[in-house]
Amino acid sequence: MSETKETGSKSTEQSGRSTLKLKRTVDAGHVRQNVSGGRSKSVVVEKKKKRTLNKPDASPAGKAEKAASKSSTSKKAAPGGLSNQEQAARMKALEEAKGRREEEERIEQENSDRREREAAEARKELDAQKKAAEEEAANQQEETKARPKETKKSVVKPKTKEVIQTIDPSDLEAATAKAEATGAKRVMKPRDLAEQNALAESKKKQAKVERSRRGENRVKGRLTITNALNETQRERSLASLKRKREREKSKAAPQTPREKIVREVTIPETVTIQELANRMTERGVDVIKYLMQQGQMHQINDLIDADTAELIVEEFGHTSRRVSEADVEEGLFDQEPEHDEHLEPRAPVVTIMGHVDHGKTSLLDALRQANVVAGEAGGITQHIGAYQVESTDHHKITFIDTPGHEAFTAMRARGAKVTDLVVLVVAADDGVMPQTIEAIHHAKAAEVPIIVAINKMDKPDANPQRVRTDLLQHEVIVESMSGETLEVEVSALKREGLDKLLDAIHIQAEILELKANPDRPADGIVVEAQLERGRGPVGTMLVQRGTIKIGQIIVAGRAWGKVRALINDHGENVVEAGPSVPVEVLGFNSAPEAGDQFAIVENESRAREITEYRIKKRRDIRAAGAGSVRTLEQMMSQLNEADVKEIPVVIKGDVQGSVEAIVAALEKLGTDEVIARVIHSGVGGITESDISLANASDAIIFGFNVRANIQARDAAQASGIEIRYYSVIYDLVDEVKAAMSGLLDPTIKEHFIGNAEILDVFHISKVGKVAGCRVTEGKMERGAGVRLIRDNVVIHEGKLSTLKRFKDEVPEVPTGQECGMAFENYQDLKAGDTIEAFRIEKIERTL
């Protein structure tokens, strides 16, 4: 083994290479590093050495050094640190590089020879062109003596007629010969050529800037720095060129009118003109122009109804499709007939109607064994009431009591619509009165049978025969006079004839065969509605079909809510109410309107959807009715109405029916000169918002059976707003009528007093002109109105400032006597003029 090692070392020394060995190339050490907080730690630091290769040294000093190093160690590397294979590889690489360099020199020499040959051929071609040019110049010299030949690149100066040509220096000899042949005086030198090239370069740059400004130097593809700095000309994109060709083609093509597109336009119940124009894709101006041609003045945001919109759509050549937003109400009131097996008998609904103070409520009290009359203001019924009475044979009857005052026409009409039969109460001592006739008309319009109750038979002057005879004038023929109408003589005070009246009602109900299905969601009519403190909105409902229960969702007109409580006519809470049962319903979000239909729905979302549609519909109809009055005749009438005087009022009542009656009565009071304008009407007490509204409109607040709270009273006192309270409707109407009468202009009536003739005119200092007159007719009074008449023409009208007889002021001068008179602020008096005296009387007018 040792021999092998020695043999290997000798061979290595002979080859001049150093042997491979493990040598540490990294120096490691420890360094103390201070850190924060006064602490320190030891860190290991390593330093990596770089390996270097020594080049062989051929000098004698280097050889001596190498020999000394060989003697010191047996593992010394070869000269230069390279092995024989490495040196051989280097030599081979040098030889290959030398060969490539020689090949490149050979190729360069061949290219140079080729270029020389091409230059020689170009010179030959140039000499041939020169020779041909000389021959052509010699042939055309005689023809061009009169005018020098103009070449494409020549510029002729008008004075010297010499041609200046731009020639490349390489073609200077050929250009000189050609210029001599063509008569050019000089050839542009290289210095002139440099100036010309600089000018051409500047023009190129200017043209490039101009193309860039027009967008012609468009870069294809993505814009990068390389593309931006590239000197190549920018080109337009293919899409831009395509658009340009299409524009040119459209301009060149003849303009043909576009075919009108017929659209199907959906028309709701009300729509604005702008929205209708957008749906037709027409201009709103064209729609307004068409309406103006039809005599209607509109603005772009005005609402129009569906009929007008349909005419406009057809006029513009489109097709219309009417739609209704009332689809949300589909299925709310199911009008399909019920199956007979589901129907059950129900109590009849009877409405008590008649003239005021004929004893309707007293008759109902006698039937109910109650005393409603004692709680009524003025002894008259001003609310509509619903009650249920059970007769001795355990048959139930639902009564609806309506007011008899003339202002409550709407209540009577409402009662006639929901009833099965009408009991017409006529006082035996008073006979048929206006509201009795009106009740007959309502009953006939509702096509319900009538039972005549001749009341107050206990009075000594009762005359039932007179009642029967008066009814004949209105086509009401009672049974005693061979007619079909039942009649009963009763006395509510003595409680006489009540059983006969109930029997007559039962007989009529049996003939009608009244039935209803109680096992279905309830629907019916809102008889009355009010806003009560502590209970909120309350509606008196009359159930016509089905059964209403606590907890159900109810919709009545624009109000909805969850039924929180049901109260019958005796003030008792009940769980449910079936057909023909009147109940008070609590839980509405707002007071419903009397006369609205109510129905039970399945959930709150359906109730909200229905009420929101009804509120929007009412708002749109009001806006269309108020804002679309645009015909010329209506505009003229509006201008005339601008001079009408008005009394603004705010009305608050206890129930909806009373408020309706008051509003209707006030509207009837209006004339062409004065009206009562109801700014706001509602149910409930007077609040601060009512005071604010009245203050903004200078209105008077009328409270009918309601009062203002303390905050509203304080606000009214601070603002000076007058609040008036009433419990009887005709007191309110009479007071408003008197106030409206005070706004009427009085009637002017003129009374003739007398005439006087001016005999002479005197001028008195500090007084002016005084006319000496003789009274020819009637008399002259001091302070009366006078007219000065000259040649039968009135030239002045005024008053007398003085009336004297002799030197004394007198109140009047009779016929035939002379007097002196002077006018106030007028001096143009002449002899022969006539003075006419008159008196103005103002007569107050009433409605």
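Because the structure is predicted, anything quoted here is derived from the model rather than measured.

This part takes up the packing of aromatic side chains. Enumeration over the complete set of coordinates arrives at three aromatic pairs. Measuring from ring centre to ring centre gives 6.3 Å for Y290 and F316, while their planes differ by 75°; the resulting arrangement is edge-to-face. Highlighted residues: Y290 in helix α9 (residues 284-293) and F316 in the loop between α10 (306-315) and β8 (319-322), separated in sequence by 26 residues. Classification of Y290 by relative accessible area gives buried; the value is 14%.

With that settled, the discussion passes to the side chain of R606. If you trace the backbone, R606 turns up in helix α16 (residues 604-627). Its relative accessible area of 15% is what places R606 among the buried residues. A distance of 3.2 Å separates a polar atom in the side chain of R606 from a polar atom in the side chain of E602. Look past the residues within four positions of R606 in its chain and what remains in contact with it is V328, E329, E330, L332 and V601.

Residues F762, I764 and V767 make up a contiguous nonpolar surface patch of roughly 270 Å² in combined accessible area. One can find F762 in strand β30 (residues 747-764).

When pLDDT is averaged along the chain, the result is 77; 75% of the residues meet or exceed 70. Taken together, the stretch residues 70-79 has pLDDT below 50 and engages in 19 contacts with residues farther than four places along the chain or on a different chain. Residue range residues 183-187 is modelled with pLDDT below 50. Its contacts to residues more than four positions away, or to other chains, number 14 contacts.

Running from N to C, helix α11 (residues 360-368) and helix α15 (residues 498-512) point in directions that differ by 90°, and their axes come no closer than 11 Å. By the criterion of interaxial angle, the relationship of α11 to α15 is roughly perpendicular. Residues L363, A366 and L367 of α11 touch α15, and the partners they reach there are L498, L501 and L502. Residues of the contact of α11 with α15, tallied by class, amount to six nonpolar, no polar and no charged.

Attention now goes to the nonpolar core. Counting residues in hydrophobic clusters, the biggest one holds 24 residues, and the most contacted among them are L363, F399, V423, I451, L501 and I505. Those elements giving two or more residues to this core turn out to be β10 (349-354), α11, β11 (385-390), β12 (396-401), β13 (421-427), β14 (450-455), β15 (486-489) and α15. With five residues, α15 is the single largest residue contributor to this core.

On to a positive patch on the surface. Together, R243, K244, R247 and K251 line one region of the surface with positive charge. For R243, the location among the structural elements is in helix α7 (residues 238-252).

Moving on: the pairing of strand β33 (residues 785-790). With respect to burial, β33 is a largely interior element, six of its six residues being buried. Here β33 shows two buried faces, one formed by G785, R787 and I789 and the other by V786, L788 and R790. Bridging between β33 and strand β34 (residues 793-805) involves six bridges; their strand directions are antiparallel. Within β34, the residue paired with I789 across the bridge is V794. Taking the residues that link successive antiparallel strands as the turn, the β33-β34 hairpin has two residues, and the phi of D791 there is positive, at about 55°. Where β33 lies against strand β38 (residues 834-843), five bridges are found, and the strand directions are antiparallel. The partner of L788 across the bridge, within β38, is I835.

Analysis parameters
- Residues numbered from 1 in each chain as written.
- Predicted model: local features only at pLDDT ≥ 70, side-chain atom pairs only at ≥ 80, totals over all residues.
- Heavy atoms only, no water.
- Phe/Tyr/Trp six-rings, centres within 6.5 Å; stacked < 30°, edge-to-face > 60°.
- Helix = DSSP H or I, 4+ residues; strand = E, 2+ residues; numbered from the N terminus.
- Buried < 20%, exposed > 50% of the residue type's maximum accessible area, 1.4 Å probe, protein only.
- Polar contact = N/O pair within 3.5 Å; in protein donor to acceptor, adjacent residues only side chain to side chain.
- Contact = heavy atoms within 4.5 Å.
- Patch = residues over 30% accessible without salt bridge, like charges linked within 9 Å, V, L, I, M, F, W, Y side chains within 5 Å.
- Areas by Shrake-Rupley, 256 points an atom, 1.4 Å probe, with all protein chains shown as cover.
- Salt bridge = Lys/Arg side-chain N within 4 Å of Asp/Glu carboxyl O.
- pLDDT = per-residue confidence, 0-100.
- Axes fitted to C-alpha atoms, helices over the stretch in contact; angles between N-to-C directions.
- Parallel < 35°, antiparallel > 145°, perpendicular 65-115°, else oblique.
- Nonpolar A, V, L, I, M, F, W, Y, C, P; charged D, E, K, R; others polar.
- Core = buried A, V, L, I, M, F, W, Y, C linked by side-chain atoms within 4.5 Å.
- Lys, Arg positive; Asp, Glu negative; His and termini not counted.
- Charge placed at Lys NZ, Arg CZ, Asp CG, Glu CD.
- Pairing = 2+ DSSP bridges.

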